[in-house]
Amino acid sequence: MEMRQVYVDTIREMMAEDARIVLLNADLGKAGGTLGLAKLYPDRVFDVGVAEANMLSIAAGMASYGLRPWVATFAPFATRRACDQFALSICYARQNVKVIGMDPGIAAELNGGTHMGLEDVAATRSYKGLTIFEPVDARQLKQALPQLHAHQGPAYIRLFRKAIAEVFPEGYRFELGRADVVKEGRDVSLFASGLMVQECVEALPLLEAAGISAELVNIHTIKPIDREAILRSARKTGCVVTAENHSVIGGLYSAVAETLASGCPVPALPIGINDMFGEVGFLPYLKKRFHMTKEDILAACRESIRKKEEFK
């Protein structure tokens, strides 16, 4: 199932239970899959037109009157174009607004560099009191949405719209703010978020064939980050690789490196976009273009382990 369909189905269930929930979009009801919800709840779903900054201000105003707005647009429009409204109207005012940034990073594919939120986490991670979450698969997303709704305070959700392979099995239990160990290992810690978790899963057989025991940890809540999970894994393995669908400046790599610097200084290498703008292309091409493939993950793990041995 497409991730946006999971979002829409779960939000529909939540709207039936909580009349305070309202949805806002900026001429992207079709892209976000919420047109059906607009017909079901015409007085609770609003299209503000191509006016993202205004949309976030409207959502903040609604929240100040006790409503619980969910806002959706493409990731760069929510965080780059409407930066001031996000930081001040929502975060500074401590409003209960949940902002969906659709198709972050290279997930924008054919929409190209102008639509690629490669720096959205870097910007929003600096906003005081904001929770940042990025789901891995449909099972995790479905469990996370009610917890985000119950969370008091603003939140930013990086949502890959299309279908993605399952990572977590039946019986998985999600906890906002608590990282998930997907696979235990002893040689290197792989900290991954979003669609890069699946890429890391596909890299595991390559790592095993190379004689590398990797510990894969999903950091789904990038802020506040699970500091203890990071330090626990890094102390065990002695070296780190991060993998994110974002610039390596200011995102997951930066958050992990900050944690390691103050608690467990070990070698750490990033997989992500290296100070570049995006471009047009499909995901397989873009992953190769920006060195985000399973082969790149294997090479980074080898280098991180080499640095660990060098530092001994």
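These numbers come from a predicted model, not from an experiment. (Residues numbered from 1 in each chain as written. Predicted model: local features only at pLDDT ≥ 70, side-chain atom pairs only at ≥ 80, totals over all residues. Heavy atoms only, no water.)

1. Details of the packing of aromatic side chains
Next up, step 1: Enumeration according to the criterion identifies six aromatic pairs in this entry.
Next up, step 2: For the pair Phe133 and Phe174, a centre-to-centre distance of 5.5 Å together with 65° between the ring planes defines the contact as edge-to-face. One end of the pair, Phe133, is in strand β5 (residues 131–133); the other, Phe174, is in the loop between β6 (155–159) and β7 (180–183), with 41 residues separating them in the sequence.
Next up, step 3: A relative accessible area of 0% means that Phe133 is categorised as buried.
Next up, step 4: Judged by its relative accessible area of 6%, Phe174 is buried.
Next up, step 5: For the cation-ring pair, Arg81 lies above Phe77, with the distance from its terminal atom to the ring centre recorded as 4.1 Å.
Next up, step 6: Over the aromatic face of Phe290 sits the side chain of Arg289, whose NZ or CZ is 5.5 Å from the ring centroid. (Phe/Tyr/Trp six-rings, centres within 6.5 Å; stacked < 30°, edge-to-face > 60°. Helix = DSSP H or I, 4+ residues; strand = E, 2+ residues; numbered from the N terminus. Buried < 20%, exposed > 50% of the residue type's maximum accessible area, 1.4 Å probe, protein only. Lys NZ or Arg CZ within 6 Å of the ring centre and 35° of its normal.)

2. Description of the layout of surface pockets
Next up, step 1: Approximately 180 Å³ is the volume found for the largest pocket.
Next up, step 2: Taken together, Ala87, Cys91, Tyr92, Arg94, Tyr127, Lys128, Gly129, Gly153 and Pro154 make up the full set of residues lining the largest pocket.
Next up, step 3: Its residues assigned to classes, the lining of the largest pocket shows five nonpolar, two polar and two charged. (1 Å grid on protein atoms, 1.4 Å probe; cavity = no way out; pocket = protein on both sides within 12 Å on 5 of 7 lines; lining within 4 Å. Points joined across faces, edges and corners; volume = space filled by probe spheres on them. Nonpolar A, V, L, I, M, F, W, Y, C, P; charged D, E, K, R; others polar.)

3. What about helix α10 (residues 227–237)?
Next up, step 1: Looking only at α10, the buried set comprises Ala229, Ile230, Leu231, Ser233, Ala234 and Thr237.
Next up, step 2: As for α10, its buried residues are in contact with β8 (188–192), β9 (214–218), β11 (240–247), α11 (252–263) and α13 (294–311).
Next up, step 3: One or two steps after α10, the chain reaches Gly238, where phi turns positive at roughly 85°. (Contact = heavy atoms within 4.5 Å.)

4. Side note on empty space enclosed by the protein
Next up, step 1: On inspection of all chains with the given rule, the structure shows two cavities of 30 Å³ or more.
Next up, step 2: In this structure, the largest cavity spans a volume of roughly 40 Å³.
Next up, step 3: For the lining of the largest cavity, the class distribution of residues is four nonpolar, three polar and no charged.
Next up, step 4: Estimates place the volume of the second largest cavity at around 30 Å³.
Next up, step 5: Tyr7, Leu23, Leu24, Asn25, Thr34, Val45, Trp70 and Ala72 together form the lining of the second largest cavity.

5. As for the sheet that holds strand β12 (residues 268–273)
Next up, step 1: Taken in spatial order, the five strands of this open sheet run β7-β9-β8-β11-β12, and their pairing is mixed. One side of each edge strand has no neighbouring strand; the edge strands of this open sheet are β7 and β12. Each strand axis lies, on average, 25° off the axis of its neighbour in the sheet, ignoring direction.
Next up, step 2: Note: β8 against β11, four bridges, orientation parallel. Following the sheet pairing, Leu190 is matched in β11 by Val241. (Pairing = 2+ DSSP bridges. Axes fitted to C-alpha atoms, helices over the stretch in contact; angles between N-to-C directions.)

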